[in-house]
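Structure assessment
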Amino acid sequence: MTPQELKNSILQQAIQGKLVEQRPEEGTAEELFQQIQKEKQRLIADGKIKKEKPLPEITEDEKPFDIPESWKWVRLGEIVNVIMGQSPSGTSVSENGNGLEFHQGKIYFGDDYLKVSPQITNEITKIAEARSILLCVRAPVGVVNIVQRRICIGRGLCALTSSIMDEKFILYFVRSFEKDFVKKSTGTTFKAITNDVIKNQLFPLPPLAEQKRIVAKIEELLPYIDRYKEAWLKLETFNSRFPSDMKKSLLQYAIQGKLVEQRPEEGTAEELFQQIQEEKQRLIAEGKIKKEKPLPEITEEEKPFEIPESWKWVRLGSIVELNPKNDIDDSLEVSFIPMAHVADGYRNEHTFEVKKWGEIKKGFTHFATGDIGIAKITPCFQNKKSVIFAGLKNGCGAGTTELSIVRVVNNLMLKEYLLWFFKSAYFIDNGVRSFTGTAGQQRIHKDYLSNCLLPLPPLAEQKRIVAKLEQLLPLCERLK
């Protein structure tokens, strides 16, 4: 239950006579009703309010719920005086700031108001006295408040007054009928309710002493609702972040070697590393990849966390090929992928357009099926726009220059393990710290990928890590 639903529930209990007990010694609503009618007749006789047409009798079919025997169903216009606002002429606005405050609507919120000149004030009858109830009759229809000082009201407001009823009781009960007023509002340019709608609104009337006890109980409960709201908002924030936080935690566990157990029979990352180095040397000798500058040794101080003994800290550039080039015929149809075609978040998805290679081979990033593309510009990098290219037209493609490309060496690394590494908070946060460039055009440092420290598990363990992630990550989605 939301805080607003809880507050509405308390108001609903109140207007049904279920919030406090009834006490016979406090009299009946019928007695109070007759007292209000006598007071109205006196005010009419004194010329302070106008005599109005009698309102329709309330039928049994109209009554929306049962109320206690000591209560009485009435129409709002029978128990309060309704003063509909009316805007004064533009010439009446005070130029020197003197005069009576004029409020057009939005229920007396803030300090955005004009003042009506003293000369006009005496001619205006649309005045809300202090402690009147203000009801918004134009959007937002049905909102209520208590006015703290005498003001002039415009067409967006009406004032509800009573010299007998408890004003806070009127406030809370009228507030509970906000949805009724909204339903009865009409209009195209803006929604509004009329004088007749307000006066004919059904109102459950308790004795005066019970009104005061209802108000006291509501105001006793409101601080608890406020405390409940604080706790509820914290829980909502936690719940909204929980799926994403859980994914982050799973990826962190994965790259720390804590997601699956280690198995000695699967060998070591050192053995895998040497195998990759040998294969890279062979490809260099055959001219299939370029020889690269040696990367710096990894110091103990650089290692950000502990990893299993069978794993190995490596620099990414030492185990993959970065930003390879395609050498294919210009007439071949291939895939073209702008940044917008790469999904963000924890998805591994992309779409593509088809173009001739000759049209896109220059000025764009090259890649092939099985390569991994990683956005290098803000905010795409932080939004985890990274993907394994699959199903490319004729196995090749090109795309935005804001992609960095990673190619594994003859399947000696599992592409999916690298992809999840690239989506980890560890990789993203370190990349952001390496950013260069001006605001709005910042990118990861040109050497970030090649020098990035990667926790390398044996190949068989990589496969088990990916399988476990693909089992658990969809479950996080169900938590939303």
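Now for a look at the structure at hand.

Scoring rules and cut-offs
Residues numbered from 1 in each chain as written. Predicted model: local features only at pLDDT ≥ 70, side-chain atom pairs only at ≥ 80, totals over all residues. Heavy atoms only, no water. Buried < 20%, exposed > 50% of the residue type's maximum accessible area, 1.4 Å probe, protein only. Helix = DSSP H or I, 4+ residues; strand = E, 2+ residues; numbered from the N terminus. Pairing = 2+ DSSP bridges. Salt bridge = Lys/Arg side-chain N within 4 Å of Asp/Glu carboxyl O. Axes fitted to C-alpha atoms, helices over the stretch in contact; angles between N-to-C directions. Core = buried A, V, L, I, M, F, W, Y, C linked by side-chain atoms within 4.5 Å. Contact = heavy atoms within 4.5 Å. Parallel < 35°, antiparallel > 145°, perpendicular 65-115°, else oblique. Left-handed = near helix turned anticlockwise from the far one by under 90°. Nonpolar A, V, L, I, M, F, W, Y, C, P; charged D, E, K, R; others polar.

Structural notes on the pairing of strand β9 (residues 157-161)
The buried count for β9 comes to five of five residues, which makes it a mostly enclosed element. Residues L157, A159 and T161 line one face of β9 and the alternating positions C158 and L160 line the opposite face, and both faces are buried. Judged from the four bridges that link them, strand β2 (residues 81-84) and β9 form a sheet pairing that is antiparallel. Bridging across to β9, I83 finds its partner in A159.

Let's talk about the pattern of salt bridges
If you walk through the whole model with that rule in mind, you get 34 salt bridges. Between D330 and K361 there is a salt bridge whose closest N-O contact spans 3.0 Å. Of this pair, D330 sits in the loop between β12 (320-322) and β13 (333-337) while K361 sits in the loop between α10 (357-360) and β15 (365-368), and the two are 31 residues apart along the sequence. The class of K361 is partly exposed, set by a relative accessible area of 29%.

Side note on the sheet that holds β12
Spatially, four strands are ordered β12-β19-β16-β17 in an open sheet, and the strand pairing comes out antiparallel. Strands with a single pairing partner mark the edges of an open sheet, and in this sheet they are β12 and β17 (386-388). Here the strands of the sheet are splayed against their neighbours by 20 degrees on average, with no regard to which way each runs. As defined by bridge partners, β12 adjoins strand β19 (residues 403-408) across three bridges and the pair is classed as antiparallel.

Here we look at the nonpolar core
One finds L418, F422 and F427 to be the most contacted residues of the largest nonpolar core, which totals 50 residues. Counting residues per element, this core draws most heavily on helix α11 (residues 415-422), at six residues. Filtering out sequence-adjacent residues up to four positions away, F427 remains in contact with I374, F381, F421, F422, Y448, L449 and C452. V74, V141, F169 and I198 belong to the second largest nonpolar core, which has 48 residues in total.

Here we look at the environment of V320
Within the element layout of this structure, V320 appears in strand β12. For V320 and G373, which are 53 residues apart along the polypeptide, the C-alpha to C-alpha distance reads 13 Å. With near-sequence residues (within four places) excluded, V320 lies in contact with K280, V406, R407, V409 and L418.

Re the packing of helix α1 (residues 3-15) against helix α8 (residues 208-255)
Where α1 contacts α8, the two axes come as close as 9 Å, and the packing angle between them is 165 degrees. In this view, α1 runs roughly antiparallel relative to α8, as classed from their interaxial angle. Crossing geometry of α1 relative to α8 is assigned as right-handed. Each of P3, L6, K7, I10, L11 and A14 in α1 lies in contact with α8, whose residues at this interface are I214, I218, L221, L222, I225, Y228, K229 and W232.

Comments concerning the packing of α11 against helix α14 (residues 459-477)
Their axes nearest at 9 Å, the elements α11 and α14 cross at an angle of 55 degrees. Judged by the angle between their axes, α11 and α14 are oblique. In this structure, α11 meets α14 at a crossing whose hand is left-handed. Contacts between α11 and α14 pair E416, Y417 and W420 from the former with Q462, I465, V466, L469, E470 and L473 from the latter. Among the residues making up the contact of α11 with α14, the classes are represented as six nonpolar, one polar and two charged.

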